[in-house]
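What follows is each chain in one-letter form.
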2 protein chains.
Amino acid sequence: MDRTKILLGENELPRQWYNVLADLPFPPAPYLHPVTFEPITPQDLAPLFPQELIKQEVSQDRFVDIPDELLDIYSLWRPTPLYRARRWERALGTPARIYYKWEGVSPPGSHKPNTAVAQAYYNKKEGINRLSTETGAGQWGSALAFACNIFNMECKVYMVNVSYRQKPYRRILMETWGATVVPSPSKDTNYGRALLAENPDASGSLGIAISEAVEDAAQRDDTKYSLGSVLNHVLMHQTVVGLEAKRQLEMAGDYPDVLVGCVGGGSNFGGFFLPFVPDKLSGKAESLRIVCVEPEACPTLTGGLYAFDWGDTAKTGPIARMHTLGHGFVPPPIHAGGLRYHGMAPIICALYDRGLVEAIALAQTKVFEAAVSFARAEGFVVAPETAHAVKAVMDEALSCKESGEAKVIAFNSSGHGHFDLGAYESFLSNELEDYRYPTEQIRASLEELPRIDQ
Amino acid sequence: MDRTKILLGENELPRQWYNVLADLPFPPAPYLHPVTFEPITPQDLAPLFPQELIKQEVSQDRFVDIPDELLDIYSLWRPTPLYRARRWERALGTPARIYYKWEGVSPPGSHKPNTAVAQAYYNKKEGINRLSTETGAGQWGSALAFACNIFNMECKVYMVNVSYRQKPYRRILMETWGATVVPSPSKDTNYGRALLAENPDASGSLGIAISEAVEDAAQRDDTKYSLGSVLNHVLMHQTVVGLEAKRQLEMAGDYPDVLVGCVGGGSNFGGFFLPFVPDKLSGKAESLRIVCVEPEACPTLTGGLYAFDWGDTAKTGPIARMHTLGHGFVPPPIHAGGLRYHGMAPIICALYDRGLVEAIALAQTKVFEAAVSFARAEGFVVAPETAHAVKAVMDEALSCKESGEAKVIAFNSSGHGHFDLGAYESFLSNELEDYRYPTEQIRASLEELPRIDQ
């Protein structure tokens, strides 16, 4: 019997997160204040984040202990399985060995709770009882709803309007866990009301939803803000995924030639590949390729600038140096709502800038075609975001078929697509739309970057 | 750190199914021919089932080997975790220790593929390339679609119309795996056309959908029929669940006082509790209670007769001695579509008849209330069918709170509710309907039982 699933025992759950900042010879630029453009201080961040997360954001410790209470919660779904995609390999006729980490087993169905429960935990510990956040497709929002429910906290989710309409089941999931969900732009913030006055049917964007959630937190003493991606501490929490995967690949007797993941803000793939970065930096795995996959409709790495920009559309959150399409960029309404963000994790941008990671951009029809091929071979129906990674892996495996190379390809299957079946239906009935590469819109929104010496 | 998840290793997957027929001192009555009322012969069954499954249906072997090829497929999702519901225990304030087996991790999201892949495998081995079946909520249909896709077989699913409309995502899931799905009654069979002529909006029932799938298979040489519950071999395939659970409870150092499960046709709960039956029969666990939970809207055990009846509405399939509400009974359209069956597994009926298992019937509003309590404590959002077990466990745990007894309660959490969130939304917005106990309809349909000496 060939081994298709590599499992870790309950006691092999990582007890520390890995912090790549300890190893990066080229640290990301500091965050800047959204108004003064000065380096941001912990005091500036205090209305939005609890002290412990502000500390983690700039920590230089290589490993950070995971509190026992969090390990206990992680153990609801972690360690997650690593699969060898034998059936899919056979279906593709590739000599490549394909592995995927399966994060879809968590209650919210993705990798997102890895950081959501940590963020809720640290907030609760500092006496906070309400969190506000944004969500695109709803994976992050449902993870935070799940986490807040565990710690008896209120949760207010601003959900990008296009996803709110496309994915009602994710909203209901959040409500089942007790969260309050509104479509963004919403009537609940000044910024949302201003946008609705201009366009009552605005499809929204992650940048706008972030602005609303930040405004909510800034204006209420009982509330802090929670971000599901981009920030250093978020990527660090997600390294449990990569730490497990690295050990599981070892158990399978393999080391990857190529790591693949989809990137919206960068947290799922960051959490997956960062634990491999020291090997690459030290020369132990110099030839390891790390491939970020983004949608053509929102090509942050492949089509944006590496520049200082606001993380949100209203320019109320911190400024980061990152690849950006401009904080005002509103991507076309592709189904991968989680990839519709104008910016990217500064850590990933720094690595991309130095050529340590690659990036490609894909159109959604081909992405769903690959996801159906994967579902028919492996059984699992993945989220539209994850499907981007699946398509890139498929292309990689097919080029191995051409070349005869037996490469080891590993990807993070970051979430299931159970709430995205409307998108699969569109694909299966040939009604899925691809969007023109948004060259003009990007050019226009890049003109609005802050005037900071880049 | 308290242990919340009890895992088996990849190599601890059971290699044999358990066949309770070897141990039952009171075998279920033989199946009868639908027209002659004579005991049915293997030849009678040959148009519907492959030889190996006909053999398994009457096998007296205590253990039946699981072929390696099936173990390989099982390993995609098996062994499944057993959870100790510590958070829920705390939320309920009960001294009871609650365990649940979690079958929601399979690609179709329930226990159903445990038998679906076995049935597809044996059919394929005998040269069959197309299967027809019925489905209620779609859990069985999606499991068979998944299984047929693995073995490169065609799959035609007759989906009860009310569920077809309520649960579009399950249909899309089946289509993603390549199956053809039609609402039942359908235009694709003589029986379906006749019913549609009477009532074009018929909400359908499992009994009707079975008749259509049986007609489909009987009329085509390339097709056999596949049933997702009721039959002996189906329950036997599901015993992988109970065999694993028994070992996991042992690892946790506990033996159950009460086993709980929902019953539609009886396969999920049968698969869970049958491996414990020898302990009860031998006196080793005489006080073990086994509680079947059914919906008030379709109270087969608590409101039906123990009698010979047809398994399907058109009276074309075999007759079984079982608890039945009458083959013509059409249950109200509750969300737990998988529990809307007029009959029950003969094995479970025989045990119920001898007082070895108990049964209770519940109304759906209270059932969803319990499911939300479970989701908020444990994270997992269960299917409406599973929610029936959850409610019964909750009541049991609360009576332990009254009495102070630290009972060990275990249940099979047979599937996730990701495709049933419309039902959760109805509950959360107070729009869920309970149905009057269908006394009159049951009385009427019981008048149509076959005239066989009961």
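Residues numbered from 1 in each chain as written. Chains lettered and ligands numbered in written order. Predicted model: local features only at pLDDT ≥ 70, side-chain atom pairs only at ≥ 80, totals over all residues. Heavy atoms only, no water.

1. A word on helix H2 (residues 51-58) of chain B
Residue and element names in this part refer to chain B. Note the following rule: Only protein chains enter the accessibility calculation, which uses a 1.4 Å probe; a residue whose area is less than 20% of its type maximum is buried, one above 50% is exposed, and one in between is partly exposed. Helix and strand assignments come from DSSP, with helices taken as H or I runs of at least 4 residues and strands as E runs of at least 2, each series counted from the N terminus. This arc is built from the directions going out from the helix axis to the C-beta atoms.
Residues of H2 that are buried: Leu-53, Ile-54, Gln-56 and Glu-57. Buried residues along H2 cover an arc of 160 degrees about the axis, so they all sit on one side. More than 90 degrees from the buried face of H2, the exposed residues found are Lys-55 and Val-58.

2. With respect to the packing of aromatic side chains
How we decide: In this analysis, rings of Phe, Tyr and Trp, with Trp reduced to its six-membered ring, are considered paired at centre separations within 6.5 Å, and the interplanar angle assigns stacked below 30 degrees, edge-to-face beyond 60, and tilted for intermediate values. Distance and angle both matter: a charge sits over a ring if NZ of Lys or CZ of Arg is within 6 Å of the ring centre and within 35 degrees of the ring normal.
Within this structure, the stated rule accounts for 44 aromatic pairs over all chains. Where B:Tyr100 meets B:Phe380, the ring centres are 6.5 Å apart and the plane angle is 75 degrees; that geometry is what we call edge-to-face. Here B:Tyr100, found in strand S5 (residues 97-102), pairs with B:Phe380, found in the loop between helix H16 (364-378) and helix H17 (384-403); they are 280 residues apart in sequence, far enough to count as distant. On the basis of relative accessibility, which here comes to 4%, the residue B:Phe380 falls in the buried class. Three or more aromatic residues link up through ring pairs in this structure, and these residues are A:Tyr83, A:Trp88, A:Tyr100, A:Trp102, A:Phe374, A:Phe380 and A:Phe411. The ring of A:Tyr306 carries A:Arg321 above its face, with NZ or CZ at 4.2 Å from the centroid.

3. Details of the interface of chain B and chain A
Put simply, the test is: Contacts are assigned to residue pairs with any non-hydrogen atoms lying within 4.5 Å of each other. The quantity reported as buried area is the accessible area (1.4 Å probe) lost by two parts once they are put together, taken as the sum for both. By convention in these notes, a salt bridge is any Lys or Arg side-chain nitrogen within 4 Å of a carboxyl oxygen on Asp or Glu. Throughout this description, a polar contact denotes any pair of N or O atoms lying within 3.5 Å of each other; where both atoms belong to protein, one of them has to be capable of donating a hydrogen while the other can accept it, and for residues adjacent in sequence the pair is counted only when both atoms sit in side chains. Amino acids outside the nonpolar list (Ala, Val, Leu, Ile, Met, Phe, Trp, Tyr, Cys, Pro) and the charged list (Asp, Glu, Lys, Arg) are all regarded as polar, and Gly is one of them.
Counting residues at the interface gives 51 residues for chain B, matched by 51 residues for chain A. Note on chain B versus chain A: buried area summed over both sides is about 4500 Å², and carbon and sulfur give 55% of it. For the pair chain B and chain A, the interface holds four salt bridges. In this structure, the connection of chain B to chain A is made through 23 residue pairs in polar contact (both at pLDDT 80 or more). Those elements that place two or more of their residues in the side of chain B that touches chain A are strand S1 (5-6), helix H3 (68-74), helix H6 (139-150), helix H8 (168-176), H16 and helix H18 (421-428) of chain B. Counting residues per element, the side of chain B that touches chain A draws most heavily on H8(B), at six residues. When the residues that make up the side of chain B that touches chain A are grouped by side-chain class, the tally is 28 nonpolar, ten polar and 13 charged.

4. What about the sheet that holds strand S4 (residues 82-84) of chain A?
All names here are of chain A. Our working definition: We treat two strands as partners when DSSP finds at least two bridges between them. Comment: axis = line fitted to C-alpha atoms, over the contacting stretch for helices; angle = value between 0 and 180 degrees taken between N-to-C directions.
Spatial strand order, S1-S4-S5-S15-S10-S11-S14: seven strands in an open sheet with mixed pairing. In the strand order of this sheet, the two ends are held by strand S1 (5-6) and strand S14 (358-362), each with one partner. Sheet topology places strand S5 (residues 97-102) next to strand S15 (residues 408-413); six bridges connect them, and they run parallel. Bridging across to S15, Ile-98 finds its partner in Ile-409. Where helix H17 (residues 384-403) meets the sheet, it contacts S5, strand S10 (258-262), strand S11 (289-295), S14 and S15, and its direction lies at approximately 150 degrees from that of S10.

5. Notes on the nonpolar core
The test is simple: Grouping buried Ala, Val, Leu, Ile, Met, Phe, Trp, Tyr and Cys residues that are joined through side-chain atoms within 4.5 Å yields what is termed a nonpolar core.
Counting residues in each nonpolar core, the largest one holds 289 residues, and the members touching the most others are A:Trp88 and B:Trp88. B:Trp88 has contacts with B:Ile98, B:Ala370, B:Ser373, B:Phe374, B:Ala377, B:Glu378, B:Val390, B:Val393, B:Met394 and B:Phe411, leaving out every residue within four places of it along the chain.

6. Considerations on the confidence of the model for chain A
Stated formally: pLDDT runs from 0 to 100 and stands for how confident the predictor is about each residue.
The predicted model of chain A has a mean per-residue pLDDT of 96, with 99% of residues at 70 or higher. Here the predicted complex scores 0.96 on pTM and 0.94 on ipTM.

7. Regarding the side chain of B:Glu57
All names here are of chain B. Just so we agree on the cut-off: For the charge count, each Lys or Arg is scored as positive and each Asp or Glu as negative, with His and the chain ends excluded.
In this fold, Glu-57 is placed in helix H2. It turns out Glu-57 is buried and unbridged, and the closest side chain with the opposite charge, Lys-55, is 13 Å from it. A polar contact is formed between the side chain of Glu-57 and the backbone nitrogen of Asn-232, at a distance of 2.9 Å. Setting aside residues up to four positions removed in sequence, Glu-57 forms contacts with Leu-21, Tyr-31, Leu-231, Asn-232 and His-233.

8. Looking at the relation of the copies chain B and chain A
The following threshold applies: Fitting of the copies onto one another was done by least squares over C-alpha atoms, counting residues only where both copies have pLDDT of at least 70.
If you rotate chain B by 180 degrees and push it 0.0 Å along the axis, it lands on chain A with an RMSD of 0.0 Å. Given the turn and translation reported, the copies of this chain are related as if by a two-fold rotation axis. Both copies contact each other with a shared surface, as 100% of the interface residues of chain B are interface residues in chain A too.

9. With respect to the pattern of salt bridges
A full pass over the atoms with the stated rule returns 46 salt bridges over all chains. As a salt-bridge pair, B:Glu369 and B:Lys366 come within 4.0 Å of each other at their nearest N and O atoms. Remark: B:Lys366 and B:Glu369 occur in helix H16; sequence separation between them is three residues, near one turn of the helix. The exposure class assigned to B:Lys366 is partly exposed, which follows from its relative accessible area of 46%. One network of salt bridges, with partners in common, ties together A:Arg78, A:Lys101, A:Glu103 and A:Glu244.

10. What about helix H5 (residues 113-125) of chain B?
All names here are of chain B. The cut-off we apply is this: Multiplying 1.5 Å by the helix residue count minus one yields the expected span of that helix.
End to end, H5 covers 18 Å across 13 residues, agreeing with the expected 18 Å (1.5 Å per residue, within 8%). A large share of H5 lies buried, amounting to eleven of its 13 residues. All buried positions along H5 are accounted for by Pro-113, Asn-114, Thr-115, Ala-116, Val-117, Ala-118, Gln-119, Ala-120, Tyr-121, Tyr-122 and Asn-123.

11. Observations concerning the pairing of strand S6 (residues 130-135) of chain B
Residue and element names in this part refer to chain B. Test applied: For the handedness criterion, the strands are oriented away from the viewer, and a crossover whose path from the first strand over the helix to the second runs clockwise is classed as right-handed.
Buried residues dominate S6, accounting for six of its six residues. Across six bridges, S6 lies against strand S7 (residues 154-160) in parallel orientation. Its bridge partner being in S7, Thr-135 is matched across the sheet by Met-159. Tracing the backbone out of S6, into H6 and back to the parallel element S7 gives a crossover that is right-handed.

12. Regarding the sheet that holds strand S4 (residues 82-84) of chain B
Residues and elements named next belong to chain B. Taking strand neighbours across the sheet as the criterion, the seven strands line up as S1-S4-S5-S15-S10-S11-S14 in an open arrangement whose pairing is mixed. On the outer flanks of this sheet lie S1 and strand S14 (358-362), each paired with one strand and no other. Contacts between helix H11 (residues 232-251) and the sheet are confined to S1, S4, S5 and strand S15 (408-413), with S5 contributing the most and set at about 140 degrees to the helix. Packed onto the sheet, H17 meets S5, strand S10 (258-262), strand S11 (289-295), S14 and S15 and runs at close to 150 degrees relative to S10.

13. Description of the environment of B:Arg376
When you line up the elements, B:Arg376 lands in helix H16. In this structure the C-alpha to C-alpha distance between B:Arg376 and B:Arg87, which are 289 residues apart in sequence, comes to 9.1 Å.

14. Comments concerning the state of the cysteines
Note on terminology: a disulfide is the covalent bond linking the sulfur atoms of two cysteines. Selection rule: Our working definition of a disulfide is a cysteine sulfur pair at a distance within 2.5 Å.
Scanning the entire structure with this criterion turns up zero disulfides over all chains. Looking at the unpaired A:Cys148, the closest cysteine sulfur is the one in A:Cys155, lying at 4.0 Å. A:Cys148 sits in the buried class, given a relative accessible area of 0%. Residue B:Cys349 stays outside any disulfide, its sulfur separated by 8.9 Å from that of B:Cys292, the closest cysteine.

15. Structural notes on unusual backbone geometry
Here A:Arg78 and A:Pro79 are connected by a cis peptide whose omega angle stands at -10 degrees. Topologically, A:Pro79 is positioned in the loop between helix H3 (68-74) and S4. The omega angle of the peptide bond from A:Ser184 to A:Pro185 is 5 degrees, so this bond is cis rather than trans. Its location among the elements puts A:Pro185 in the loop between strand S8 (180-184) and helix H9 (190-198). Within the chain, B:Asn152 stands out as a residue other than glycine whose phi angle is a positive 55 degrees. Checked against the element boundaries, B:Asn152 lands in the loop between H6 and S7.

16. A few points about the pairing of S15(B)
A regular strand carries its side chains on alternate faces of the sheet. Residue and element names in this part refer to chain B. A large share of S15 lies buried, amounting to six of its six residues. Across the two faces of S15 the burial is the same, with Val-408, Ala-410 and Asn-412 and Ile-409, Phe-411 and Ser-413 all buried. Sheet analysis places S10 next to S15, joined by three bridges and oriented parallel. Residue pairing in the sheet places Val-258 in a bridge with Ile-409 of S15.

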